[in-house]
Amino acid sequence: MSDTATHIVEHHLDEQASKFGMWLFLFTELLLFGGLFLVYSIYRYLNQDDFARGGSELDMYIGAINTVILLTSSLSVAMSITAIQKNNKRMAVILLWITIVLALVFLVNKYFEWSHKYHVGLYPGTETFRTLPAGEGLFFLLYYFMTGLHGVHVIIGAILLGFVIERVLDGKITSENYVFQENGALYWHLVDLIWIYLFPLFYLIH
Amino acid sequence: MSEVTHHKSFLENSEGKNVVLSWLFSTDHKRIGLIYLYLIGIFFIVAVFFGFLMRLELIAPGKDIMDPQLYNGLFTVHGVIMIFLFIIPGIPAVFGNLMLPIMIGAKDVAFPRLNLLSLWIYIIGAMLALTTLMGADKLPDTGWTFYAPYSIKSNTYVMQAVLAAFILGFSSILTGLNFITTIHWLRAPGMSWFKMPLFSWALYATAWIQLLATPVVGITLLMIAAERYLGIGLFDPSLGGDPILYQHLFWIYSHPAVYIMVLPAMGIVSEILPVFARRRIFGYNAMAVTSLAIAFIGYLVWGHHMFTSGMSGPARIIFSFLTFLVAVPSAIKVFNWVTTLYKGSIDLKPPMLYVLAFIFNFMIGGLTGLVNGALATDVHVHDTYFIVGHFHYVMFGGTGFSFFAAMYYWFPKIYGRMYDIKWANIGFWIIFVGFNILYFPMFIVGMMGMPRRYYDYLPEFHWPNIVSTVGSWILIVGIVIMLVNIIRGSMKGPKVGQNPWRGLTLEWQTQTPPITENFEQIPSVTERPYEYKD
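Residues numbered from 1 in each chain as written. Chains lettered and ligands numbered in written order. Predicted model: local features only at pLDDT ≥ 70, side-chain atom pairs only at ≥ 80, totals over all residues. Heavy atoms only, no water.

### A few points about the overall build of chain B
Here comes step 1: Summing up its helical and strand segments, chain B has 16 helices and 0 strands in all.
Here comes step 2: Expected size for 534 residues packed as a compact globule is a radius of gyration near 24 Å; at 23 Å, chain B falls within 12% of this value.
Here comes step 3: Each of the three principal axes of chain B carries a C-alpha extent, and together these read 75 × 50 × 45 Å.
Here comes step 4: For chain B, the proportion of its 534 residues judged to be buried stands at 60%.
Here comes step 5: Residue pairs at least 24 apart in sequence account for 82% of intrachain contacts in chain B once pairs closer than 6 positions are excluded.
Here comes step 6: As displayed, chain B offers around 19600 Å² of accessible surface, 70% of which is attributable to carbon and sulfur atoms.
Here comes step 7: One finds the centroid of the 31 positive side-chain charges in chain B at a distance of 8 Å from the centroid of its 26 negative side-chain charges. (Helix = DSSP H or I, 4+ residues; strand = E, 2+ residues; numbered from the N terminus. Rg over C-alpha atoms; globule rule 2.2 N^0.38 Å. Buried < 20%, exposed > 50% of the residue type's maximum accessible area, 1.4 Å probe, protein only. Contact = heavy atoms within 4.5 Å. Areas by Shrake-Rupley, 256 points an atom, 1.4 Å probe, with all protein chains shown as cover. Lys, Arg positive; Asp, Glu negative; His and termini not counted. Charge placed at Lys NZ, Arg CZ, Asp CG, Glu CD.)

### Concerning the nonpolar core
Here comes step 1: Ranked by size, the top nonpolar core spans 243 residues in total, and within it F202 of chain A together with F95, F146, F235, W337, F403 and W410 of chain B carry the most contacts.
Here comes step 2: When residues of this core are assigned to their parent elements, the largest contribution, 23 residues, is made by helix α9 (residues 243–277) of chain B.
Here comes step 3: Contacts of F95 of chain B, omitting those with residues within four sequence positions, involve G90, L100, F199, F403, A406, M407 and W410 of chain B. (Core = buried A, V, L, I, M, F, W, Y, C linked by side-chain atoms within 4.5 Å.)

### Looking at unusual backbone geometry
Residue and element names in this part refer to chain B.
Here comes step 1: Here the amide bond leading from A148 into P149 is cis, since omega sits at 5°, within 30 degrees of zero.
Here comes step 2: Backbone geometry places D383, a non-glycine residue, at a positive phi of 60°.
Here comes step 3: In this structure, D383 sits in the loop between α13 (375–381) and α14 (385–415).
Here comes step 4: For D383, a relative accessible area of 38% translates into the label partly exposed.

### Notes on the pattern of salt bridges
Here comes step 1: A complete count under the given rule lists 9 salt bridges over all chains for this structure.
Here comes step 2: Of the charged contacts in the structure, one is a salt bridge between R280 of chain B and E531 of chain B, with a shortest N-O distance of 3.4 Å. Separated by 251 residues along the polypeptide, R280 of chain B in the loop between α9 and α10 (284–298) and E531 of chain B in the segment after α16 (462–492) bring together distant segments of the chain.
Here comes step 3: Salt bridges sharing partners connect three or more residues here, namely D50, R53 and E136 of chain A. (Salt bridge = Lys/Arg side-chain N within 4 Å of Asp/Glu carboxyl O.)

### Concerning empty space enclosed by the protein
Summary: where empty space remains is shown by rolling a probe the size of a single water molecule over the atoms.
All names here are of chain B.
Here comes step 1: One pass over the structure, following the stated rule, counts 4 cavities of 30 Å³ or more.
Here comes step 2: Of the voids in this model, the largest cavity is the one considered here, and its volume is about 160 Å³.
Here comes step 3: Forming the walls of the largest cavity are 17 residues, and the residues nearest its centre are I88, P89, L168, S171 and S172.
Here comes step 4: Mapped onto the lining of the largest cavity, the elements with two or more residues apiece are α4 (90–103), α7 (158–185) and α8 (198–230).
Here comes step 5: In terms of residue class, the lining of the largest cavity is built from 11 nonpolar, 6 polar and no charged.
Here comes step 6: Residue lining of the second largest cavity: V77, V80, I81, A129, T132, L133, P140 and A161, and that is the complete set.
Here comes step 7: A per-element tally of the lining of the second largest cavity places helix α3 (residues 68–87) first, with 3 residues.
Here comes step 8: Classifying every residue of the lining of the second largest cavity by side-chain character gives 7 nonpolar, 1 polar and no charged. (1 Å grid on protein atoms, 1.4 Å probe; cavity = no way out; pocket = protein on both sides within 12 Å on 5 of 7 lines; lining within 4 Å. Points joined across faces, edges and corners; volume = space filled by probe spheres on them. Nonpolar A, V, L, I, M, F, W, Y, C, P; charged D, E, K, R; others polar.)

### Details of the interface of chain A and chain B
Here comes step 1: Every contact between the two is made by 26 residues of chain A and, on the other side, 28 residues of chain B.
Here comes step 2: Taking both sides of the interface into account, the surface hidden between chain A and chain B amounts to around 2400 Å²; carbon and sulfur atoms contribute 84%.
Here comes step 3: On inspection of chain A and its partner chain B, the count reaches 0 salt bridges.
Here comes step 4: Seen at the junction of chain A and chain B, the total is 2 residue pairs in polar contact (both at pLDDT 80 or more).
Here comes step 5: Every element with two or more residues in the side of chain A that touches chain B is listed here: α1 (3–46) and α6 (134–170) of chain A. (Buried area = accessible area lost by both parts, 1.4 Å probe. Polar contact = N/O pair within 3.5 Å; in protein donor to acceptor, adjacent residues only side chain to side chain.)

Structural data, given as structure tokens:
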């Protein structure tokens, strides 16, 4: 085999291997949240009324808006891959920026939501919180813990997409070699996927 | 034909950089493996020393050399260091890194930089774990299991230990991810799945457990941390939480984790046994498949740690049944090892001695495990020294011995030198005898009813404890002999050639010590790895 041929084969292998590795990593992320979903379901089962009351205190509209925002951002990141496949660097970068902006809007909404709860004293340690029924307290604990951890993932995902943009601009990501961008997008879809479950569990079930 | 070029070995090839930095930031899997070996070796010695102190306290009833608080601290840090810093990363991080890519004919792991990141995450986690040692009265005192609600209330350095375990978990996940990808994509031409060395099969099964079980304990430990920082009540019953739920979540990881500890050890046994018996391994396919079976069934048995914690009858019966089920693939392995020896020409070199001792110890550890797995007997021996004996027979007598076997086996490959075989054998016998004197009395005293985790005991438990403590001294003498021999051998031992054990796997078919890229030319494989014909 000539040298260039070996290189092409190895390069192809590298690409497949890194995508494979990304999928494995996503498994671990799912299991990380899986532990929390398990805790949620057990406590929900044990405290059904309290959880229903807790759920009715969350603002369904902000939750729904955030769901739409994240779904749209998944669309834009998927489109950015099509753009790079068609060698349209400019469009790819624009779409990636749209994704990041949507992520920021999501976080701003989250900020308003949390700061409202902060004002009414609905967080661990306050007098209001201590007087809640035990189950409702658990509901809000899980709410903060799970949406908080999800929020951290949104931030990480947005930073990752920032690196993708840098690499597209540097010409390291091209229509021939866009596995890094694909991995970034996969991660972003995971962030989206987890929210799809968080939204009904906390906001919709009353 | 291109002429044969002689590249420098990985020990010498610093690629023109500063020697220290070229080691610390090397992405070469062999250098990373060696750094792991040195760090893990140091942590092992530290934790052995804690164990020695505990045994010394137990030499007689009443207070001998320490107060109860210090004793609680010592058994916790002994457990935390041994489990999270030595035995979980142990064989995969050291020998997996050193040998896996060479054994499957690859130049490196699939993600060399990620591998370096795993090492650094390990170092950070280890440093955090070591901060718990500052101040004898502040040692974490919950046991390595961090059971809630005490782990939330104890005002010792539990937090650092919990976060260290969390961080070390990431190192383990990334190593597992790397190995799975490496085995899937980087096998040499001709090496089909069922032509892989059995050590790679074992690492493959282990890596899946690392990947799929570790995140669960990660999130659980994070919940403990949140509970301590924020005073939220996920597991504390006084705040509405459920401590039994913590135990479930903890063991959902930590039972599979014992297979993270023991599966690679079994892989090493399957690797060494054919070489020193000059025989093809008996039942290669069964060996490969049982590794996966153990990994799979191992997921479903965590409840047997909690038979006395409060679980429904049917749940206990199912968990007990599954526990017996996992003994089947383990037993298949033992039968196959013994059958491999049949009519072999057995050469009792140090690696072989340790492997044979593994089989002996593992049988005692495995069979006593069934006593714990049966519901009625478990109620009697639960939380007694019987469990301590069982656990150490499997973990130290099994995985620990196999770690030593691997060290003696691959030592000449890594350093290009040989240790003193006579002293290695003497060290082995002292370790083997000391080990059994140390841990066997624990079965007896456990059956008599002595509970674990106390610094004091009733006078009728006195004699087995004296025997046990004397055993710990013998064991330590053996370990010192082994260490001196290994360190001397790595610096002054006589040089050896490419294949001192006449092994057939790929790591013996390349230069000693291997070059940075492992092979001058990527080999191609045509037959299974253990076709000994002499």
